[in-house]
Every structure is written in C-alpha cells, then in structure tokens.
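# Examining the three-dimensional arrangement
Read off the chains here:
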Amino acid sequence: MNAAYSPTKETTKTKVLVINALFIALTVVATMFINIRLPIMGNGGLIHMGNIPLFIAAFVYGRKTGAIAGAFGMGLFDIISGWALWAPFTFVIVGAMGYVAGLMAEKMPGKKVFVYSLAVVAALVIKIVGYYFTEVVLYGNWIQPFGSIPGNVMQVVIAGLIVIPLAGRMKKLL
C-alpha cells in the first residue's frame, strides 16, 4: 500500500479536529438560526435545533465529539448572541449532555433505537436540572425557572425524534 494513502497519526488527528470543528459550527448555526423564543415567564426559554447536530455528533462520533459540539457550539452561541452570562453554565450543561449521550451510545448494549432513546432522555434530565439550577442562581428565585422547562423539553424531544431514526443509518454510512 502506498504510504500516501495509509492513515497516520497526523491524518487521524486532523480528521478528529475537522469533525469536531464541523459539529461545533453546525451546533452554533442550528441554535442561532433555527429557533423560537417562548414568551413564558421571565426568561421564557429558547426552542432551537442545536440539539440535532449535538446528538448526531454524540451518537455517530462518540462522547468526546458530543461533549465538544455541545459545550463549545452552544457556549459560543451564548457568547455571540447576547447571552454571554449563560455561556459558562451552557458549556458545562450541554457539554455533559453530549458526553453522557455519546457514552451511552458507545457503551450500552441493545438495539440502537432503544439506546439512543435512553440517551436522549438522560440528556433531557441533564438539561432540565442544569438549567433549572442555573436560573435559580441567575434569578435568585426558585419558582421562575419552571417557566423554561416546557421549552427545554420541546427542543430535546424534537431533536430526539429527528435524530434517533437517522443516527444508526448515518453511523453505517460513515
């Protein structure tokens, strides 16, 4: 085999870097341009499609890419969209969502549809709990954060409904 075509450590690192950068960009774009702000209580919430590339990254490429896409993609969205105060919280919460979803997809035995569904539910729990306590800290109120839960549920459930049927097929293609 010609040395030019054999995978090396450098090409592997480059491929990982490119895939991570692609999913960060896709997450930023899907969050920024495909969204609806909910007029519910104080913050209200933001329904966006940034969870779609996040779940694809986690299910197809694993926990590290899922965590990187979520943390940096949505954290960057917060910084450039006027939500900078939220960026550190988003970095941790959505990074954890991507990591846990990817870890479950990598390690759990069973039918992929079932595994991916459980991973989406786990990510949803992380999002709801994480953002609830973030809003408690930011607003100093234990009641107001409940207003964001419907939006958080909708965005993760919609993303799951879109990604779960596609992820297994995409993984086979790549």
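Refer to the structure above for everything that follows.
Residues numbered from 1 in each chain as written. Predicted model: local features only at pLDDT ≥ 70, side-chain atom pairs only at ≥ 80, totals over all residues. Heavy atoms only, no water.

So, about the overall build of the protein chain. Scanning the protein chain from N- to C-terminus turns up 6 helices and 2 strands. Sequence-ordered secondary structure for the protein chain, helices as α and strands as β, is α-β-β-α-α-α-α-α. Across the 174 residues that make up the protein chain, the buried fraction comes to 46%. Within the protein chain, counting contacts between residues at least 6 apart in sequence, those at least 24 apart form 69% of the total. For the protein chain, the exposed area adds up to about 9300 Å²; of that, 75% sits on carbon and sulfur atoms. (Helix = DSSP H or I, 4+ residues; strand = E, 2+ residues; numbered from the N terminus. Buried < 20%, exposed > 50% of the residue type's maximum accessible area, 1.4 Å probe, protein only. Contact = heavy atoms within 4.5 Å. Areas by Shrake-Rupley, 256 points an atom, 1.4 Å probe, with all protein chains shown as cover.)

Here we take up the packing of aromatic side chains. Overall, the coordinates contain 10 aromatic pairs when judged by the stated rule. When the ring of Phe72 is compared with that of Phe91, the centres are 5.0 Å apart and the planes differ by 90 degrees; the resulting orientation is edge-to-face. One end of the pair, Phe72, is in helix 3 (residues 63-80); the other, Phe91, is in helix 4 (residues 87-107), with 19 residues separating them in the sequence. On the basis of relative accessible area, Phe72 is assigned to the partly exposed category, the value being 43%. Looking at Phe91, the relative accessible area reads 38%, which means it is partly exposed. Aromatic side chains Tyr132 and Phe133 sit 5.3 Å apart centroid to centroid with 90 degrees between the ring planes, which places their arrangement in the edge-to-face category. (Phe/Tyr/Trp six-rings, centres within 6.5 Å; stacked < 30°, edge-to-face > 60°.)

Turning next to the pattern of salt bridges. Across all of its chains, the model carries 1 salt bridge by this definition. Its salt-bridge partner being Arg63, residue Glu106 comes within 3.3 Å of it at the nearest N-O pair. Of the two residues, Glu106 is situated in helix 4 and Arg63 in helix 3; the sequence distance between them amounts to 43 residues. Residue Glu106 is classed as partly exposed on the basis of its relative accessible area of 36%. (Salt bridge = Lys/Arg side-chain N within 4 Å of Asp/Glu carboxyl O.)

Helix length check: helix 4 (21 residues) gives 29 Å between terminal C-alpha atoms against 30 Å at 1.5 Å per residue, within 8%. For helix 4, the secondary structure elements touched by its buried residues are helix 2 (51-61), helix 3, helix 5 (112-139) and helix 6 (149-173). (Expected span 1.5 Å × (residues − 1).)

What is shown is where atoms sit, not what they do.
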